[in-house]
Amino acid sequence: AQRVTQPEKLLSVFKGAPVELKCNYSYSGSPELFWYVQYSRQRLQLLLRHISRESIKGFTADLNKGETSFHLKKPFAQEEDSAMYYCALSRDTGGGNKLTFGTGTQLKVEL
Amino acid sequence: GAGVSQSPRYKVAKRGQDVALRCDPISGHVSLFWYQQALGQGPEFLTYFQNEAQLDKSGLPSDRFFAERPEGSVSTLKIQRTQQEDSAVYLCASSTGAGTPNYEQYFGPGTRLTVT
């Protein structure tokens, strides 16, 4: 069965410091991985996906199949980055691309 | 444009009551998902519809949970004889297509269910 692990429930950094939110997964097939973000009082929204290999709001994530990781990184944290971040894995079981989420990491950027 | 909407936003039910949670997906979206998010946890998959067909209900925790999408648009998640462990936020998500490529899922605000 697939599983997504986010080891940190809370990560606190100072503004301007680098950020790394960890995500490890277990899946026997070829995974598609995502980062979702939930800002205060807003709904869950897609931040980025590994197949796009893009940078969104300064965030990047590289899929490392050898280490089964998909860590989210940003070189300089901003106050507006404070939010809940969820790593998710998708697989198509023939009935849609349902998502398996980790437990989330609360990022707090302090001034 | 309008995103995914859910109603009610909050629901308090006494143990043993039946509840119905509604999801209005983005117009024209083929796929609709329901997730359950317990306090301090990530969302967990419940069930999936492609148009009106329920193709995956493997995540429904018991036969007290039932979902439908009769006309391929609005969906209702029904929980019969609610228990305290059903207390959670219920999220609905929709996407434009199905299968590959992996279409983005757009989430609603959720319904917070509290069973007393």
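Note that residues are indexed from 1 along each chain, following the sequence as it is written. For this description, chains carry letters from A and ligands carry numbers from 1, given in the order in which they are written. Note on the predicted model: pLDDT of at least 70 is required for a residue's local features to be given, and 80 or more for side-chain atom pairs to be given and counted; whole-chain, interface and lining totals, by contrast, use all residues. Here the side-chain values reflect all heavy atoms present in the structure, with hydrogen atoms and water set aside.

### Topic: the pattern of salt bridges
Inference 1: Take a side-chain nitrogen of Lys or Arg and a carboxyl oxygen of Asp or Glu: if they are within 4 Å of each other, that pair is a salt bridge. For the coordinates displayed, the defined rule picks out 8 salt bridges over all chains.
Inference 2: The shortest N-O distance in the salt bridge between Lys-73 of chain A and Glu-20 of chain A comes to 3.7 Å. Residue Lys-73 of chain A is located in strand β8 (residues 72-74), and its partner Glu-20 of chain A is located in strand β3 (residues 19-21); the two are separated by 53 residues in the primary sequence.
Inference 3: A 1.4 Å probe rolled over the protein chains alone gives each residue an accessible area, and that area as a share of the maximum for its type sets the label: buried under 20%, exposed over 50%, partly exposed in between. Since its relative accessible area comes to 41%, Lys-73 of chain A is described here as partly exposed.
Inference 4: With a shortest N-O distance of 3.4 Å, Glu-68 of chain B and Lys-78 of chain B are connected by a salt bridge. Of this pair, Glu-68 of chain B sits in strand β7 (residues 65-68) while Lys-78 of chain B sits in strand β8 (residues 75-79), and the two are 10 residues apart along the sequence.
Inference 5: The exposure class of Glu-68 of chain B is partly exposed, given its relative accessible area of 27%.
Inference 6: Within the structure, one salt-bridge network assembled from shared partners comprises Glu-20, Lys-22 and Lys-73 of chain A. Helix numbering and strand numbering both begin at the N terminus, where a helix is a DSSP run of H or I of at least 4 residues and a strand a DSSP run of E of at least 2.

### Topic: the interface of chain B and chain A
Inference 1: Residues count as neighbours in contact if any of their non-hydrogen atoms are within 4.5 Å of one another. Chain B puts 24 residues into the contact, and the matching count from chain A is 21 residues.
Inference 2: Roughly 1,800 Å² is buried in total at the junction of chain B and chain A, and carbon and sulfur atoms are behind 48% of that figure.
Inference 3: Across the contact surface, chain B and chain A share 2 salt bridges.
Inference 4: With its nearest N and O atoms 3.1 Å apart, the salt bridge here joins Lys-98 of chain A to Asp-56 of chain B.
Inference 5: Within 3.5 Å is the distance limit for a polar contact, defined as a pair of N or O atoms, with the added protein rule that one can donate a hydrogen and the other accept it, and that residues adjacent in sequence qualify only through two side-chain atoms. Our count for the contact surface shared by chain B and chain A stands at 8 residue pairs in polar contact (both at pLDDT 80 or more).
Inference 6: Of all the secondary-structure elements, those providing two or more residues to the side of chain B that touches chain A are β4 (31-37), β5 (44-50) and β6 (53-56) of chain B.
Inference 7: The greatest single-element share of the side of chain B that touches chain A, amounting to 3 residues, is contributed by β4 of chain B. Here's the idea: put two parts together, see how much 1.4 Å probe accessible area each one loses, and the total over both is what we call buried area.

### Description of the nonpolar core
All names here are of chain A.
Inference 1: Core analysis: the biggest nonpolar cluster contains 24 residues, and Trp-35, Leu-47, Leu-48, Phe-70, Leu-72 and Tyr-85 have the highest contact counts within it.
Inference 2: Ranked by residue count, the leading element in this core is strand β9 (residues 83-92), at 4 residues.
Inference 3: Not counting the four nearest positions on each side in its chain, Leu-72 is found in contact with Val-19, Glu-20, Leu-21, Trp-35, Leu-47, Leu-48, Phe-59, Thr-60, Ala-61 and Tyr-85. Throughout this description, the term nonpolar core refers to a set of buried Ala, Val, Leu, Ile, Met, Phe, Trp, Tyr and Cys residues connected via side-chain atoms within 4.5 Å.

### Looking at the side chain of Ser-94 of chain B
All names here are of chain B.
Inference 1: Counting through the fold element by element, Ser-94 comes out in strand β9 (residues 88-95).
Inference 2: Only 2.7 Å separates the side chain of Ser-94 from the side chain of His-29, close enough to count as a polar contact.
Inference 3: In this view, Ser-94 contacts Val-4, Pro-25, Ile-26, His-29, Ser-31, Leu-32, Glu-104, Gln-105 and Tyr-106; residues no more than four positions away in its chain are not counted.

### With respect to the environment of Phe-101 of chain A
Inference 1: Positionally, Phe-101 of chain A belongs in strand β10 (residues 97-101).
Inference 2: The spatial distance from the C-alpha of Phe-101 of chain A to the C-alpha of Trp-35 of chain A is 9.3 Å, given a sequence separation of 66 residues.
Inference 3: Aside from chain neighbours lying at most four places away, what touches Phe-101 of chain A is Val-4, Tyr-36, Leu-44, Tyr-86, Cys-87 and Ala-88 of chain A together with Tyr-35, Gly-42, Pro-43 and Phe-107 of chain B.

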